Structure formats: C-alpha cells, structure tokens
Amino acid sequence: MGLFRLLLLYCFLNSGFSVLTAQHFRSRSGHFGLRQSTVRDTIQRALWISRNAEELLRDIHEDRLDNYKSAEVEVNNNPGFEIVTFRFGDDGKITFSDGSYLLFALHSFHEDAQLGDIVLAVDFEGNLYIQEEHVCGGLAHFFRSGQHLPENSQRFILEFMGEISKQHWLGIELPLLR
C-alpha cells in the first residue's frame, strides 16, 4: 500500500469519530470517558435496588458474610499522588479494623442499559447506601486522597468516592416504591 493511501486511511480513521463501546467513549483529544446516564426504566431500577437491598440485609441478618469476596486494597504512596483505592466485584465485602463491614451488590450498564450503573452498599447496622459509579467487568473502584485506610464503615461512606463518577455515597431507605 502506498504512502499516500496509508495517509488517507490514517486521516479517515482519525477524523474525529468517537470510538464507542457500550457507555465508554474516546474523545477527539484521545481521552476516555463515560456517556451521561442512560437510565430509561426507573421502575425496574427501583425494583432491582429493592430486591438486592433486601438480599443484602437478609445476608447480614442470617450472618452469611462468607458468600462475599473481600475487596482489593491498594495504597499509593507516591509523593503528590497519595491515594487509597478499593476495588471489588459482585458480592463484594470490605471489613474494617474496628470489626465493622460493608457488603456490596453491583449492576453494570453493560448488563442492562435501561437500569444503568448501580453500586449498592449496606453496613453492619443495616444502613443502605447507593452510588452510580461505573461498573465494568463486574468491578467498581472507590478512592480518596491520602495514605490512611478508613478505620470503619462510616469513614468509608463519608470519605470515599467513585473513581470515575467522582460521586459520594447517598443514604437510602426502603421501600423505594410506594
């Protein structure tokens, strides 16, 4: 293939089209990002949240914590970029030094765009929290600046935000639908 044809092919492929995979995109500047929320079915979303919240609460009440995998923790100590990151998948769990814990249920936009991304958490006292952090490959990531691990579930809820969404956790109560 001649140099001119290669140049034409390069110009065509790099002409400002966004590479789109599910809700991911690459901008013209080459940065990756996420599309805005695509939730279309708020009733089904509320049903998913209610059903999964009830399951998390039942697992706490029946002491079925062994069904949940522990989150991966990473502490980055590079000067000027000191963060703590928690990464967990479906049926995730974080246990804190004081004995408190959080259990998680995840839904990915990739599974059903009508529901969008949902990360649901319940603490050991039965308090429910929700986040719209992007879930990809069954994983969600949460971080905060600094090197110190949270000592309890409340510190995690108050201080950690979604790595992509940059959102904090919101407390919710059941029932969602009345």
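Residues numbered from 1 in each chain as written. Predicted model: local features only at pLDDT ≥ 70, side-chain atom pairs only at ≥ 80, totals over all residues. Heavy atoms only, no water.

> Outline the pattern of salt bridges, supporting the account with residue identities and numerical values.
All told, the structure shown has seven salt bridges when counted by the stated rule. Measuring nitrogen to oxygen at the nearest pair gives 1.9 Å for the salt bridge that ties glutamate 159 to arginine 144. Here arginine 144 lies in strand β11 (residues 139-145) and glutamate 159 lies in helix α3 (residues 153-159), a separation of 15 residues in the sequence. For glutamate 159, a relative accessible area of 23% puts it in the partly exposed group. A salt bridge links arginine 155 to glutamate 151; its shortest N-O distance comes to 3.9 Å. (Salt bridge = Lys/Arg side-chain N within 4 Å of Asp/Glu carboxyl O. Helix = DSSP H or I, 4+ residues; strand = E, 2+ residues; numbered from the N terminus. Buried < 20%, exposed > 50% of the residue type's maximum accessible area, 1.4 Å probe, protein only.)

> Residues and numbers for helix α2 (residues 42-61), please.
End to end, α2 covers 28 Å across 20 residues, agreeing with the expected 28 Å (1.5 Å per residue, within 8%). Those residues of α2 that fall on the buried side of the exposure criterion are Arg45, Ala46, Trp48, Ile49, Ser50, Asn52, Ala53, Leu56, Asp59 and Ile60. Packed against the buried residues of α2 are β8 (101-107), β9 (118-123), β10 (128-131) and β13 (170-172). (Expected span 1.5 Å × (residues − 1). Contact = heavy atoms within 4.5 Å.)

> Let's hear about a negative patch on the surface: which residues, and what values?
On the surface, a cluster of negative charge is contributed by Glu55, Asp90, Asp91 and Glu111. Relative to the helices and strands, glutamate 55 resides in helix α2. (Patch = residues over 30% accessible without salt bridge, like charges linked within 9 Å, V, L, I, M, F, W, Y side chains within 5 Å. Areas by Shrake-Rupley, 256 points an atom, 1.4 Å probe, with all protein chains shown as cover. Lys, Arg positive; Asp, Glu negative; His and termini not counted. Charge placed at Lys NZ, Arg CZ, Asp CG, Glu CD.)

> Lay out the pairing of β11 with the relevant residues and their values.
The pairing of strand β6 (residues 81-89) with β11 spans seven bridges and is antiparallel. Looking across to β11, one finds that threonine 85 is bridged to phenylalanine 143. Relative to strand β12 (residues 161-162), β11 runs antiparallel, the two being bridged by two bridges. Following the sheet pairing, phenylalanine 142 is matched in β12 by glycine 162. (Pairing = 2+ DSSP bridges.)

> Got a sec to walk through the sheet that holds strand β4 (residues 69-70)? Specific residues and values, please.
Pairing within the open sheet is mixed, and its six strands lie in the order β4-β7-β8-β9-β10-β13. Unpaired on one side and paired on the other, β4 and β13 mark the two borders of the sheet. When β8 meets β9, the two strands line up antiparallel, connected through six bridges. Each residue of the ladder has a partner; that of leucine 103, found in β9, is valine 122.

> If you had to explain the sheet that holds β12 to someone new, which residues and values would you point to?
Pairing within the open sheet is antiparallel, and its four strands lie in the order β5-β6-β11-β12. Strands at the two margins of the open sheet, each flanked by one partner only, are β5 (72-78) and β12. Bridging between β5 and β6 involves seven bridges; their strand directions are antiparallel. Counterpart to asparagine 76 in the pairing with β6 is isoleucine 83.

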